[in-house]
Amino acid sequence: MKKLKVHLDRRQSRSHEICIGYDIFDRIAMMIANSRIAARYVIVTDDCVGTLYGETLLAHLTKMGARSDLIVFPAGERSKIFQSVLDIAVQLLDLGVDRKSALIALGGGVAGDLTGFVASVYMRGIPCIQVPTTLMAQVDSSIGGKTAIDLPQGKNLLGTFCQPAGVFIDIKCLDTLPDAEYQNGLAEVVKYGIIDSEALFQQLESGLEMIRSRNRPFLEAIIQRVCTIKKGIVEMDEREQGLRRILNFGHTLGHALEAASRYRLAHGNAVAVGMIAAARISQELYGLPAEDRTRIENLITSLSLACRIPQDLAMEDILTALQRDKKKDGDAIHFVLLKKIGFPFVNGGVPDDLLRETIEGLRS
Ligand SMILES: NC(=O)c1ccc[n+]([C@@H]2O[C@H](COP(=O)([O-])OP(=O)(O)OC[C@H]3O[C@@H](n4cnc5c(N)ncnc54)[C@H](O)[C@@H]3O)[C@@H](O)[C@H]2O)c1
Ligand SMILES: [Zn+2]
């Protein structure tokens with residue numbers, strides 16, 4: 001098992017560990033039970049992950065002597081809403097959960113974001129431990145302390161920064177992950193390859209077969225590498241004042257496509273198109289070498305992530321969704337662009353005609 005330490009401030013009070021291994025639920029339970037995080041634990045999970053892993057984790061925790069309970073909510077993004085926060089809070093009160101307790105978010109990014117949010121406000125805040133079970137959550141959402149719920153007006157509009165008390169990643173959970181969810185996570189892995197280094201990018205290029213077959217040692221190495229990258233970025237810029245924004249590579253257009261399609265497009269596919277668009281814009285405006293752009297497009301295509309922008313997604317709807325991003329983020333639409341693979345930067349504005357041309361060039 002590999003342990004990474006996330007250092008967040010000099011007092012170490014919010015610093016914590018990320019533990020990564022294969023088939024480690026018993027050890028996760030032991031580490032939680034032996035920690036001084038809380039006197040009592042409540043696992044919060046969705047009904048799909050609850051059936052697969054909820055009772056198992058609960059049984060291990062109980063065996064290790066940690067007083068524990070389980071709360072289950074319906075799977076899916078539709079549960080990431082305020083009503084779920086209220087429902088979970090009421091169940092916690094009914095269980096008699098107090099400030100000496102901690103929550104355990106077991107599941108994908110939805111369980112992580114929702115449980116993290118509840119933990120950050122329940123009785124003014126109790127600790128939250130992340131046990132991510134999707135590739136997306138293992139490489140991205142469980143690390144960094146962002147929590148959120150959605151509003152009818154848009155995704156992730158209510159949220160907090162609240163660092164987890166620990167992150168425990170069991171790669172064996174990926175054995176049961178449906179292909180579509182695996183693909184979503186792969187898009188984020190490719191994103192890290194593009195923004196971090198030529199070396200990681202090349203490792204992905206040469207490991208296509210192992211990625212497709214979910215080869216265990218290869219996945220373990222890649223997940224460890226990506227978690228190390230994310231932790232490093234969060235350590236330097238916890239509140240997304242600057243550097244952390246590079247994690248939005250491919251996401252500016254990606255989010256707009258998801259919203260314009262009313263979330264018919266999967267996140268991974270939308271981000272994949274967004275990454276190709278960002279590479280094309282980078283070549284046009286900042287001289288990203290043609291070879292780098294081709295390699296990015298080839299890797300995305302080889303992993304079957306690329307999708308074209310459907311004809312029925314109106315240009316004006318995409319641009320309106322992009323403008324909404326601008327409202328959230330000051331006076332300009334921020335794109336993360338590239339000088340080379342491994343050299344991202346945040347750009348403050350892409351000419352409208354280039355944006356339109358790039359979008360048209362990616363239509364089916
Ligand atoms: N906080 C952050 O920094 C951050 C970053 C990226 C994304 N997110 C959020 O993450 C969410 C998306 O997360 P997600 O893609 O993990 O979706 P998800 O949590 O909805 O999980 C996807 C589906 O897979 C199922 N599942 C989970 N683990 C499984 C397993 N091991 N085996 C079988 N099925 C399993 C779930 O029940 C669900 O139906 C979004 O709400 C997004 O906003 C947050
Ligand atoms: Zn993403």
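For clarity, every value in this text was computed on a predicted model and none was experimentally measured.

## Side note on the pairing of strand S6 (residues 128-132)
Most of S6 sits inside the fold, with 5 of its 5 residues counted as buried. With 5 bridges joining them, strand S5 (residues 101-107) and S6 adopt parallel strand pairing. The residue of S6 that forms the bridge with Leu106 is Val131.

## Comments concerning empty space enclosed by the protein
Using the criterion set out here, one finds 3 cavities of 30 Å³ or more in the structure. Along its surface, the largest cavity is lined by 13 residues, and Gln130, Gly145, Thr147, Cys162 and Pro164 are the ones closest to its centre. Listed by contribution, the elements that provide at least two residues to the lining of the largest cavity are helix H4 (109-121), S6 and strand S7 (146-151). The element contributing the most residues to the lining of the largest cavity is H4, with 3 residues. Here the residues of the lining of the largest cavity sort into 3 nonpolar, 8 polar and 2 charged. Looking at the second largest cavity, the residues that line it are Ala105, Leu106, Gly107, Gly108, Ala111, Gly112, Gln130, Val131, Pro132, Ala137, Ser141 and Ser142.

## As for the environment of Ala187
By the secondary structure assignment, Ala187 is in helix H6 (residues 179-196). The buried category is assigned to Ala187, whose relative accessible area is 0%. For Ala187 and Glu357, which are 170 residues apart along the polypeptide, the C-alpha to C-alpha distance reads 24 Å. If we ignore the near neighbours within four places in the chain, the residues touching Ala187 are Gly268, Met275 and Leu305.

Procedures and definitions
- Residues numbered from 1 in each chain as written.
- Chains lettered and ligands numbered in written order.
- Predicted model: local features only at pLDDT ≥ 70, side-chain atom pairs only at ≥ 80, totals over all residues.
- Heavy atoms only, no water.
- Buried < 20%, exposed > 50% of the residue type's maximum accessible area, 1.4 Å probe, protein only.
- Helix = DSSP H or I, 4+ residues; strand = E, 2+ residues; numbered from the N terminus.
- Pairing = 2+ DSSP bridges.
- 1 Å grid on protein atoms, 1.4 Å probe; cavity = no way out; pocket = protein on both sides within 12 Å on 5 of 7 lines; lining within 4 Å.
- Points joined across faces, edges and corners; volume = space filled by probe spheres on them.
- Nonpolar A, V, L, I, M, F, W, Y, C, P; charged D, E, K, R; others polar.
- Contact = heavy atoms within 4.5 Å.

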